[in-house]
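# Analysis of the macromolecular model
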Amino acid sequence: MPKLSDRVQTFTDSVIRRMTRISDEYGAINLSQGFPDFDPPKPILDALAKVAYEGPHQYSVTYGAENLREALARKASKAMKREIDPETQVVVTCGGTEAMMGVVMSICNPGDKIMVFSPFYENYSADAILSGAEPIFIPLVPPTFEFDINLIEEGFKQGARAIIVCNPSNPCGKVFSEEELLAIGKLAIKYDAFVVTDEVYEHMVYAPNKHTYMASLPGMFEHTITCNSLSKTFSITGWRLGYVVGTEEVIEACKKVHDFLTVGAASPLQEAAVTGLNFPDSYYDELLELYTEKRKYFLDGLDKLGIKYYEPQGTYFVMLDIQEFLDLPQFKGYSDLEFCEWMIRNIGLAAVPGSSFFREEVNNLIRLHFAREKSTLDEALARLAKLKELLK
Ligand code: GLN
């Protein structure tokens, strides 16, 4: 067989998305890959229906339809407390996934270093590998997922071009405090480097925690590249609409990469999504209320079962500690991945093995999400109760 590139030998497929495939195969309840099982807001669906007949159906401007960029710039201006220019400081991408890949490709040369927290959303290591960059992992230490700022300074001293900050953080649910962001930002300024943020869960930050936009902090707009998406905010993960906000120079580079990677995001979907961005601010309050309720409902359920977990401050994910199960004789020698596969086959519930998020050897955590209707969460909890039965 003719040879494949060395590059593709250095990483696996996404475990998150693999778990969804296995879950579907067994008809399990899928709490692995994070996406809602409820519909997007009706006005967005109505807009999509209208677009079907009225268009556009051809390419939009490659870096995003003008009206969508204008709407995104309005949202970003508010968040970042400065005027964002829709023409030069925004690029629309195919999901947050392309946003992040495009940014890492735009700032890293082969051999460059980039800092990534561990645990991390698994795409970041693939983003680094595909860009030829080498990740330096900074531990977020459970249970509070705090980090040692000195390690970040050390990374910048080693010449890291950037640090990726997923805030709120997938998979551990950490919300970075303003003090933490200021400390990271100060170092980025000192070493003239970038902070690349992934803020796709910006509207899922649970009281008393607050979301701080890195780009809004003093002197940080020039050092921040913000990746974001409409997937989670409008429950349209399949639409693949993401965006990057940054300085003109950064966005110009991202536009070039984006143009040759994908040309553009789907134009009918861009048009329909504008409707969502024009919702009043109360939409975001209601979204937060909805997820606050789901979070409480699911975590209360876990409490009742006596299953240990790390309480998420943001996102719709929760990491469960499965050590007590792994200690059972029937799971002797099981990896967390094998345990997750066993769960899908035997109790009909899909989770993501924690090891796919950690640089460190971690085998006792799994990630579930609660972006599900209450009835689905009930059934998921009933299945977890079956797991708990094994301990009796
Ligand atoms: N962010 C989601 C998760 O971690 C999945 C996103 C994706 O698969 N593109 O589950």
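Described in the following lines is the structure provided in the data block.

## Here's the deal with unusual backbone geometry
A cis geometry characterises the amide bond from Pro-142 onward to Pro-143, with omega recorded as 5°. Here the residue pair Asn-170 and Pro-171 is connected by a cis peptide bond, since its omega of 15° sits within 30 degrees of zero. As for its placement among the helices and strands, Pro-171 is situated in the loop between strand E5 (162–166) and helix H7 (178–190). The backbone of Lys-81 sits at a positive phi, close to 55°, despite the residue not being glycine. With respect to the helices and strands, Lys-81 occurs in the loop between helix H3 (66–80) and strand E2 (90–94). By relative accessible area, which is 68% here, Lys-81 ends up exposed. Residue Arg-240 is not a glycine yet carries a positive backbone phi of 55°. Within the secondary structure layout, Arg-240 lies in the loop between strand E7 (224–229) and strand E8 (241–245).

## Considerations on the packing of helix H1 (residues 15–26) against helix H12 (residues 336–347)
Axes are the key here: two packed helices are described by the angle between their axes and the distance separating the axes. Taken N-terminus to C-terminus, the directions of H1 and H12 make an angle of 25°; their axes are 9 Å apart at the nearest point. Classified by the interaxial angle, the pair formed by H1 and H12 is roughly parallel. Viewed along their axes, H1 and H12 form a crossing whose handedness is right-handed. Along the contact surface, H1 presents Val-15, Arg-18, Met-19, Ile-22, Ser-23 and Tyr-26, while H12 presents Leu-337, Cys-340, Glu-341, Ile-344 and Arg-345. Looking at the contact of H1 with H12, its residues break down into seven nonpolar, one polar and three charged.

## Looking at the site of the ligand
By nearness alone, every residue bordering the ligand is listed as Ile-16, Arg-17, Gln-33, Gly-34, Thr-97, Tyr-121, Asn-170, Tyr-201, Lys-232, Phe-317 and Arg-367. Taking Tyr-121, its side chain carries an N or O atom lying 3.5 Å from a nitrogen atom of the ligand. Arg-367 is positioned with one of its side-chain polar atoms (N or O) 2.7 Å from an oxygen atom of the ligand. Relative to its free-state accessible area of 290 Å², the ligand is covered by the protein chains to the extent of 90%.

## Let's talk about helix H6 (residues 149–157)
If you check which residues of H6 are buried, you get Ile-152, Glu-153, Gly-155 and Phe-156. Seen end-on, H6 carries its buried residues on one side only, within an arc spanning 155°. Turned more than 90 degrees away from the buried face of H6 sit Asn-150 and Lys-157, all of them exposed. Buried residues belonging to H6 abut strand E3 (113–118), strand E4 (134–139), E5 and H7. Two to three positions downstream of the cap, the backbone nitrogen of Asn-150 sits 2.9 Å from a side-chain oxygen, assigning the N-cap of H6 to Asp-148. Following H6 by one or two positions, Gly-159 adopts a phi angle in the positive range, close to 95°.

The rules behind these values
Residues numbered from 1 in each chain as written. Predicted model: local features only at pLDDT ≥ 70, side-chain atom pairs only at ≥ 80, totals over all residues. Heavy atoms only, no water. Helix = DSSP H or I, 4+ residues; strand = E, 2+ residues; numbered from the N terminus. Buried < 20%, exposed > 50% of the residue type's maximum accessible area, 1.4 Å probe, protein only. Axes fitted to C-alpha atoms, helices over the stretch in contact; angles between N-to-C directions. Parallel < 35°, antiparallel > 145°, perpendicular 65-115°, else oblique. Left-handed = near helix turned anticlockwise from the far one by under 90°. Contact = heavy atoms within 4.5 Å. Nonpolar A, V, L, I, M, F, W, Y, C, P; charged D, E, K, R; others polar. Near = heavy atom within 4 Å. Polar contact = N/O pair within 3.5 Å; in protein donor to acceptor, adjacent residues only side chain to side chain. Areas by Shrake-Rupley, 256 points an atom, 1.4 Å probe, with all protein chains shown as cover. Arc of directions from axis to C-beta.

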